[in-house]
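Below, each chain spelled out in residue letters.
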Amino acid sequence: FFKQKTAYEIHERLVGPEMCIRDRHYISEATAIATHMANTDEPDVIHGNILAAIGKPQQAELYFRKVLNHTQRTNIDVLTEAYLYYGNFLKAERRYDEANTAYQNGLILAEQQNHYYYRLQFYKGMAELFQEKGDIAMASQHKERHQSLADSIFNIEQERSFSHMILNLSLIHISEPTRRS
């Protein structure tokens with residue numbers, strides 16, 4: 001007996017025969033609603049991702065390019081995200097030079113905004129891209145940048161946690177004499 005999986009049971013991506021009819025209906029309804037959102041290109045990025053995931057790369061690329069062709073009016077966070085997902089899409093299509101260009105353009109925006117999450121994702125994408133291309137030196141360079149940034153973020157969080165702990169201990173120490181009196 002074969003039980004058809006739903007989109008929620010598939011971890012990697014929604015794909016052809018594994019996607020049930022209910023999930024396709026949900027996706028079409030969700031993207032139809034999203035396209036009516038005012039003053040944002042974010043639905044186009046989402047739509048591009050969905051189309052790529054269901055095996056429609058030509059249509060997906062149109063949505064990614066639509067966002068990237070309107071750089072003057074697009075929110076910088078949406079534009080950064082579009083470069084990331086377009087780079088991922090191009091990498092999956094094995095269009096490595098174009099993917100690298102998308103990642104580089106997005107990385108510039110992420111650095112201008114000091115956006116650590118996207119910087120991490122761009123370095124990770126470039127490391128994977130160069131590894132797939134067989135350029136181990138460049139893959140290693142981007143992996144090191146990714147790891148260095150991840151470590152610095154971890155150290156910042158550790159420092160915050162440590163500072164918070166010291167502050168709490170000092171507050172307890174200050175309030176102890178008043179308890180004894």
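Just so we're clear, the structure is a prediction, and the values are computed from it rather than from any experiment. (Residues numbered from 1 in each chain as written. Predicted model: local features only at pLDDT ≥ 70, side-chain atom pairs only at ≥ 80, totals over all residues. Heavy atoms only, no water.)

*Asks:* Explain the overall build of the protein chain here, please?
*Replies:* Along the protein chain, the regular secondary structure elements total 7 helices and 0 strands. Along its sequence from the N terminus, the protein chain presents helices and strands in the succession α-α-α-α-α-α-α. When each of the 181 residues of the protein chain is scored for burial, the buried share is 34%. If you sum the accessible surface of the protein chain, you get close to 12100 Å²; carbon and sulfur atoms cover 54% of it. (Helix = DSSP H or I, 4+ residues; strand = E, 2+ residues; numbered from the N terminus. Buried < 20%, exposed > 50% of the residue type's maximum accessible area, 1.4 Å probe, protein only. Areas by Shrake-Rupley, 256 points an atom, 1.4 Å probe, with all protein chains shown as cover.)

*Asks:* Whenever I open this one, unusual backbone geometry confuses me. Can you help?
*Replies:* Trans peptide bonds make up most of the peptide bonds, and negative phi angles are found at most residues other than glycine. Its identity is not glycine, yet Arg-94 carries a phi of approximately 65°, on the positive side. Relative to the elements of secondary structure, Arg-94 occurs in the loop between α4 (76-92) and α5 (96-112). With a relative accessible area of 60%, Arg-94 lands in the exposed category. The backbone of Asn-114 shows a phi angle near 50°, a positive value even though the residue is not glycine. Within the secondary structure, Asn-114 is located in the loop between α5 and α6 (116-133).

*Asks:* Help me out: how do you make sense of the nonpolar core in this one?
*Replies:* Across soluble globular proteins, you tend to see nonpolar side chains buried next to one another. Core analysis: the largest hydrophobic core is formed by 31 residues, its most contacted members being Tyr-83, Tyr-86, Phe-122 and Met-126. Secondary-structure elements contributing two or more residues to this core are α2 (42-53), α3 (57-68), α4, α5, α6 and α7 (136-180). The element that contributes the greatest number of residues to this core is α4, accounting for 8 residues. If we skip the residues at most four places from it in the chain, Tyr-86 touches Glu-61, Phe-64, Arg-65, Leu-68, Arg-95 and Ala-102. (Core = buried A, V, L, I, M, F, W, Y, C linked by side-chain atoms within 4.5 Å. Contact = heavy atoms within 4.5 Å.)

*Asks:* Before we go on, may I ask you to explain the packing of aromatic side chains in this structure?
*Replies:* Enumeration according to the criterion identifies 5 aromatic pairs in this entry. Measuring from ring centre to ring centre gives 6.2 Å for Tyr-103 and Phe-122, while their planes differ by 70°; the resulting arrangement is edge-to-face. Of this pair, Tyr-103 sits in helix α5 while Phe-122 is found in helix α6, placing the two residues 19 residues apart along the sequence. You'll find Tyr-103 and Phe-122 in the same group, each marked buried. One aromatic cluster is present, built from ring pairs that chain together Phe-64, Tyr-86 and Phe-89. (Phe/Tyr/Trp six-rings, centres within 6.5 Å; stacked < 30°, edge-to-face > 60°.)

*Asks:* Help me out: how do you make sense of the pattern of salt bridges in this one?
*Replies:* Oppositely charged side chains are able to pair whenever their charged atoms sit close together. Under the counting rule described, the total for this entry stands at 7 salt bridges. In this structure, Asp-44 and Lys-66 form a salt bridge, with 3.5 Å as the shortest nitrogen-oxygen distance. Of this pair, Asp-44 sits in helix α2 while Lys-66 sits in helix α3, placing them 22 residues apart in sequence. As a salt-bridge pair, Arg-65 and Glu-61 come within 3.1 Å of each other at their nearest N and O atoms. On the criterion of helical spacing, the pair formed by Arg-65 and Glu-61 is a turn pair, its members being 4 residues apart in helix α3. What makes Arg-65 partly exposed here is its relative accessible area of 38%. Each member of the salt-bridge network shares a partner with another, and the members are Glu-61, Arg-65, Arg-95 and Glu-98. (Salt bridge = Lys/Arg side-chain N within 4 Å of Asp/Glu carboxyl O.)

Spatial relationships are all this shows, so hold off on functional conclusions.
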